[in-house]
Amino acid sequence: MLVHEKSMDKQEFARQLSELQNQIFYAILSHDIYLELWPSDDKVHIINYHKDFFNPVRSALYQAMFMGLSRIFDLDNRTISLVSLLDSAVNQAELVPNLTSKELEDIIAQILKHSDILRTMRQLRDQQLAHSDANLQPLSPLTLGEISDLIETVMKVFNELSIGHDRAQYAWEFQRSHSKQDAAEVIRILQEEVKKPRQY
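Here's what I pulled together on the structure shown here. Keep in mind that this is a model prediction, so the values were computed, not measured.

What follows is about the overall build of the chain. When helices and strands are tallied, the chain shows 8 helices and 0 strands. When the helices and strands of the chain are listed from N to C terminus, the series reads α-α-α-α-α-α-α-α. In the chain, which comprises 200 residues, the share counted as buried stands at 41%. Partitioning the intrachain contacts of the chain with sequence separation of at least 6 by distance along the chain shows that 77% fall at a separation of at least 24.

Turning next to helix α3 (residues 51–72). Helical periodicity: at 3.6 residues per turn, an α-helix aligns residues three or four positions apart in one direction. With 22 residues, α3 should reach 32 Å at 1.5 Å per residue; the first-to-last C-alpha distance of 31 Å fits that figure. Buried within α3 we find F54, R58, L61, Y62, Q63, M65, F66, M67, G68, L69, S70 and I72.

As a further point, take the pattern of salt bridges. On inspection of all chains with the given rule, the structure shows 13 salt bridges. The partner of D106 in a salt bridge is K102, and the shortest N-O contact between them spans 2.8 Å. With D106 and K102 both in helix α5 (residues 101–112) and 4 residues apart, the pair spans about one turn of that helix. When its relative accessible area of 36% is taken as the criterion, D106 is described as partly exposed. Look at K102 and you get partly exposed, because its relative accessible area is 49%. With a shortest N-O distance of 2.7 Å, R188 and E185 are connected by a salt bridge. Residue R188 and its partner E185 are both found in helix α8 (residues 172–195); the two are separated by 3 residues, about one turn of the helix. Overall, R188 belongs to the partly exposed group, its relative accessible area being 40%.

Remark: helix α4 (residues 82–91) packs on α5, axes separated minimally by 11 Å, with the N-to-C direction vectors making an angle of 155°. Relative to α5, the element α4 lies roughly antiparallel. Like other packed secondary-structure pairs, α4 and α5 cross with a definite hand, here left-handed. Touching L82, L86, A89 and V90 of α4 are L104, I107, I108 and I111, all from α5. Across the contact of α4 with α5, the residue classes break down as 8 nonpolar, no polar and no charged.

As a further point, take the nonpolar core. By size, the foremost hydrophobic cluster in this structure holds 51 residues, and its most contacted members are F73, L82, L86 and L161. Of all the secondary-structure elements, those providing two or more residues to this core are α1 (10–36), α2 (44–49), α3, α4, α5, α6 (115–130), α7 (144–166) and α8.

When you line up the elements, H114 lands in the loop between α5 and α6. Those residues in contact with H114, other than ones at most four positions away along the chain, are D149, L150 and T153.

The rules we used
- Residues numbered from 1 in each chain as written.
- Predicted model: local features only at pLDDT ≥ 70, side-chain atom pairs only at ≥ 80, totals over all residues.
- Heavy atoms only, no water.
- Helix = DSSP H or I, 4+ residues; strand = E, 2+ residues; numbered from the N terminus.
- Buried < 20%, exposed > 50% of the residue type's maximum accessible area, 1.4 Å probe, protein only.
- Contact = heavy atoms within 4.5 Å.
- Expected span 1.5 Å × (residues − 1).
- Salt bridge = Lys/Arg side-chain N within 4 Å of Asp/Glu carboxyl O.
- Axes fitted to C-alpha atoms, helices over the stretch in contact; angles between N-to-C directions.
- Parallel < 35°, antiparallel > 145°, perpendicular 65-115°, else oblique.
- Left-handed = near helix turned anticlockwise from the far one by under 90°.
- Nonpolar A, V, L, I, M, F, W, Y, C, P; charged D, E, K, R; others polar.
- Core = buried A, V, L, I, M, F, W, Y, C linked by side-chain atoms within 4.5 Å.

Structure representation (structure tokens):
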């Protein structure tokens, strides 16, 4: 874990939890909408038909998802990340009065199960930052399954940490369902427009 130079009070811990929740939320939305725009059999025609729109959009969503998840697990203690907040919780039990030390260990163990993918993400993130003009190649060497599993862990671990702090938890699925519905509706509208005869 990290080593902090100074302690954190409960108000600052709550503020950082709130900011981290926003970071997680936008990384998850980027992931979900990226999947909704995946060129599956029922969508490939419309995506190819508007490829000059969908190609850059999907690339931007992948970048946002990847870089967002990377920030969530940043090892720099100057940043707001899940790692730094867990480190503070371990060193200052009063920040999470509703968690035992064993429960904190279990939370950390859930993250450590993703050590390989997190290591790969850090390496790719560093390459991206070193070569800012280069685009990440979607799904290589990461798979969507690995990323989806990591996101499930992130949501679960964040809520466990938040409950430990003040018994509050975030309704991730409620927000996710809305973004998926919106993306699906955009695709449906475009599909209907393509079916209409063109006016010359």
